Amino acid sequence: NSWPKHGAISFSKFAASYSEDGKTVLNNITLDVQPGEKIGLCGRTGSGKSSLVATLFGLLHQREGQVMIDDVNTTEVSLSALGSKIIALPQEPFFLKGTVRYNLMPWIPEDKRPAVSDAQMKLALQEVQLWDKLSGAAETGQSALELSLDNVDSLLSQGERQLFCLARAVLMDGKIVVLDEATSSVDAHTDALMQRILRTAFADRTIIAIAHRLDTILDFDRVVVMDAGSIVEVGVPGAL
Ligand code: ATP
Ligand code: MG
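Model, not experiment: these values are computed from the prediction.

### Observations regarding the sheet that holds strand 2 (residues 24-33)
- Pairing in this open sheet of four strands is antiparallel, and the strands run 2-1-4-5 from one edge to the other. In this open sheet, the two strands that pair with only one neighbour each are strand 2 and strand 5 (72-73).
- In this structure, strand 4 (residues 61-69) lies alongside strand 5, joined through two bridges in antiparallel fashion. Considered in strand 5, the bridge of M68 is made with N73.

### Structural notes on helix 1 (residues 49-56)
- Of the residues making up helix 1, those classed as buried are K49, L52, T55 and L56. The buried residues of helix 1 occupy one face: seen down the axis, they fall within an arc of 120°.
- At the exit of helix 1 stands G58, carrying a positive phi of roughly 70°.

### Description of the sheet that holds strand 8 (residues 206-210)
- If you trace the six strands from one edge of the open sheet to the other, you get 6-7-8-3-9-10, paired in mixed fashion. Each edge of the open sheet is held by one strand with a lone partner, namely strand 6 (86-89) and strand 10 (230-235). Averaged over all pairs of adjacent strands, the angle between strand axes in this sheet comes to 20°, irrespective of strand direction.
- As paired elements, strand 9 (residues 222-227) and strand 10 share five bridges and run antiparallel to each other. Considered in strand 10, the bridge of V223 is made with G235.

### Remarks on the pairing of strand 1 (residues 9-17)
- As defined by bridge partners, strand 1 adjoins strand 2 across six bridges and the pair is classed as antiparallel. Looking at the pairing, A16 lines up with L26 of strand 2.
- Linking strand 1 back to strand 2 in an antiparallel pair, the connection comprises six residues.
- Sheet analysis places strand 1 next to strand 4, joined by seven bridges and oriented antiparallel. When the bridges of strand 4 are listed, F11 appears paired with V67.

### Let's talk about the environment of L59
- With respect to the helices and strands, the residue L59 is situated in the loop between helix 1 and strand 4.
- Take L59: there are 15 C-beta atoms within 10 Å of it, and that puts it in the partly exposed class.
- Spatially, the C-alpha atoms of L59 and L82 are 9.9 Å apart, while their sequence positions differ by 23 residues.

Thresholds applied
Residues numbered from 1 in each chain as written. Chains lettered and ligands numbered in written order. Predicted model: local features only at pLDDT ≥ 70, side-chain atom pairs only at ≥ 80, totals over all residues. Pairing = 2+ DSSP bridges. Helix = DSSP H or I, 4+ residues; strand = E, 2+ residues; numbered from the N terminus. Buried ≥ 20, exposed ≤ 12 C-beta atoms within 10 Å, placed from the backbone. Arc of directions from axis to C-beta. Axes fitted to C-alpha atoms, helices over the stretch in contact; angles between N-to-C directions.

See the structure below:
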């Protein structure tokens, strides 16, 4: 099935905790995210940014209000469905032993992988500007897709490893993408490239990005500022 089709997210008077009797970490959250909208999430450490994102994966215990994704209440969706429908870009890039091809979708069992062609994989790697580098590292006559990433740390820089993870997300089919920006910031070139890819490859996807620096979300549609588990400000990036 194709839910969520549009990628609208609606929090209304939502409150949540990590366990049934735990303290409330999100309070009175009301926010309507439009399909395709790019939202930057800011706020000091412990303000609830990661908790708000974790809510979309059904990881928190709901206290009050609700979270709807395209008119479906998330409490009615299984954890595995939420986990497979919402694309998360992790804070730290991860790789498994295996080829480029395998590392583009390492967590999906072979028999359940989406029908992604070699041409689409190549395109995704071109989009993040890694194709030429990987091709150059492959043996003569070997496709970059067959290149081993067993020693990825000596092959790709931190920024390039981040971009590789972005290529995975490009290949995943899903209307909602969440990013928890690495605190150890990537270099300016990688950062600019990532922003451009989010704008182009993810143009029709909803993005919620936790950002530690304002300049990484300058061309986002809106910035949401959190403090002590609540939203304290919503505005356009330039105005904050
Ligand atoms: P940072 O910028 O440091 O990543 P954050 O804005 O993402 O901070 P959260 O991680 O959402 O903040 O934390 C919000 C509150 O929830 C904090 O009081 C924190 O102690 C609590 N919290 C976070 N994770 C858990 C957890 N797994 N179990 C219980 N409480 C948690
Ligand atoms: Mg966090």
